[in-house]
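Residue-level structural notes
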Amino acid sequence: MEIYSNLGGIEENVVPLTIFVALLCLCLVVCHFFRENRWVNESITALLIGCVSGIVILFASKRRSSHILRFDEQIFFNYPLPAIIFNAGFQVKKKRFFDNFFTIMLFGVIGVFISSTIITAGSWLLFPKFGFGGLTPRGYLAIGAIFSATDTVCTLQILHQDETPRLYSLVFGEGVVNDATSVVLFNAIQKIDMNKVDGVVAIRLLGDFLYLFSTSTALGVAAGLLTAYVFKGFQRHSTIREIAIMVLMAYLSYMLAELFKLSGILTVFFAGIFMSHYAWHNITDSSRITTKHVFAMMSYIAEMFIFLYVGMDALDLEKWKMNKLSVWNLLGLYSTVMFLILLGRAAFVFPLSAFSNYINRSSVIIWWAGLMRGAVSIALAFKQFTYYGVPFNPINATMVTTVVIIVLFTTMVFGVLSKPLVNHLVPATTPNSLEHEPSLTLDDLRPPLLSMEESVGSNFLRAKQNVSILLETPVHSIHTFWRKFDDRYMRPLFGGPQSSPSTIP
């Protein structure tokens, strides 16, 4: 973050950072005391402390500024965000994630396109009715991507993995994939030539998206496998070196993706998944314990940092003074954005839930969990509408303040209501029949690959049987085939325990 120069001399770097670190410590302490509170969660606590701190700083600086650090969206994308996303990939329950991979990708990828389309079209039609115009076509498309990025932290703090494993996996997986897809879509939008908007542009946008998605994923997978292979070749282990290599390899994969104009967020997510799946088994026991806690700590501090800053930025008078709309028009603008978010979310959650045979009360929780907006929306908004945290003009200032207000409203209002809603829809004492997952038998673990030792007829029958199973239960079959391939080829080369019929890690 660039220091906002309200102070002079040598202390201009030290004092603001000291105050901000002290506020972060205060957030952690307060969050600890409110961890069992029915209404308040960690995100809300950080926002409230940020707002109170902003008021104090505003009066202390004689109404010149409500924050002591200037938001630099590039620094956010280069430092805090990789830590958040890598930890999400590293901590994800891989079996649950890939068991529900089809549904997660439906919500996280197809859902983002549906939501973004509705928000973009609705903004284009409704914003001028409140006296707000002047946004470019690229700006409207960016709005769709910005407001499609969700923040599911509040709901995940309430759900229990052991009680509702599938629901937790869907909410967690969709949240991460949603953020990654929103960033990839946002980056693809920046490459569009707006001087030639026609049907070809839509095809080119889809092509750019698929290219970014596939290449970024491949780079993350390669980084995870390379790290695992390096650890497998270690003769003498060192906890410090193992942790350092894992952190640096994850960050290197992110920066390489950014260097090649790919999606670093998607790359570091899959690097985290493959490092935890292979590399984690090749390090010492002390390194395993330490990595999980270190990565979780880095992610936690990064999330608290962004929410604390958002609370301060809500009182930034510079942006509000640049705003030219009346109070009623602003309220209409905020209400319109909220309506479009609710509509865009519902437009894909319930139809796609029915399509994937998951339509029940849990679908309401999935819809609700994606209504909150957070760090990714803030970062994309600052990247689109500011230059080192300063808006270019009144139009951009209005959009930045709109995003900040939406993040505040959704996190504080919907976040407060999340726990009562989840407890009402999914009581802890009620078993959820949809949480049952098929178990693998010993026969299922036989390699599905063709064998050189068997006759052509036997291989043909085996291939025919596998195709039949794939067509009947595609998601489970693909996951099962992958486990067989993983046990036979990947784990012996890159590390990890062999699966057993009773325990699949």
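Residues numbered from 1 in each chain as written. Predicted model: local features only at pLDDT ≥ 70, side-chain atom pairs only at ≥ 80, totals over all residues. Heavy atoms only, no water.

With that settled, the discussion passes to unusual backbone geometry. Residues other than glycine seldom take positive phi values, yet Lys261 does so here, at roughly 60°. Here Lys261 shows up in the loop between helix H11 (239-259) and helix H12 (264-277). Residue class for Lys261 comes out exposed when judged on its relative accessible area of 60%. (Helix = DSSP H or I, 4+ residues; strand = E, 2+ residues; numbered from the N terminus. Buried < 20%, exposed > 50% of the residue type's maximum accessible area, 1.4 Å probe, protein only.)

Across its 32 residues, helix H18 (residues 394-425) extends 43 Å between first and last C-alpha, which sits within 8% of the 46 Å expected from 1.5 Å per residue. Along its length, H18 reaches its greatest deviation from straightness, about 35°, at Ser418, and the proline Pro420 lies no more than four positions downstream. For H18, the N-terminal cap is Asn393; the gap from its side-chain oxygen to the backbone nitrogen of Ile395 is 3.1 Å. (Expected span 1.5 Å × (residues − 1). Bend = angle between axes of the 7 residues up to and from the residue. Polar contact = N/O pair within 3.5 Å; in protein donor to acceptor, adjacent residues only side chain to side chain.)

What follows is about the side chain of Glu242. Turning to its location among the elements, Glu242 is positioned in helix H11. One buried charged residue, Glu242, remains without a salt bridge, the closest side chain of opposite sign being Arg288 at 8.0 Å. Dropping the residues within four chain positions of it, Glu242 is found in contact with Phe231, Phe234, His237, Asn282, Ile283, Thr284 and Ser287. (Lys, Arg positive; Asp, Glu negative; His and termini not counted. Salt bridge = Lys/Arg side-chain N within 4 Å of Asp/Glu carboxyl O. Contact = heavy atoms within 4.5 Å.)

Right, let's talk about the pattern of salt bridges for a bit. The full count for this structure, using the stated rule, is 4 salt bridges. The partner of Arg288 in a salt bridge is Asp285, and the shortest N-O contact between them spans 3.7 Å. Of this pair, Arg288 and Asp285 both sit in helix H13 (residues 285-313), 3 residues apart, roughly one helical turn. Take Arg288: its relative accessible area is 21%, and that puts it in the partly exposed class. Given the relative accessible area of 55%, Asp285 is considered exposed. Between Arg491 and Asp486 there is a salt bridge, with its nearest N and O atoms 3.1 Å apart.

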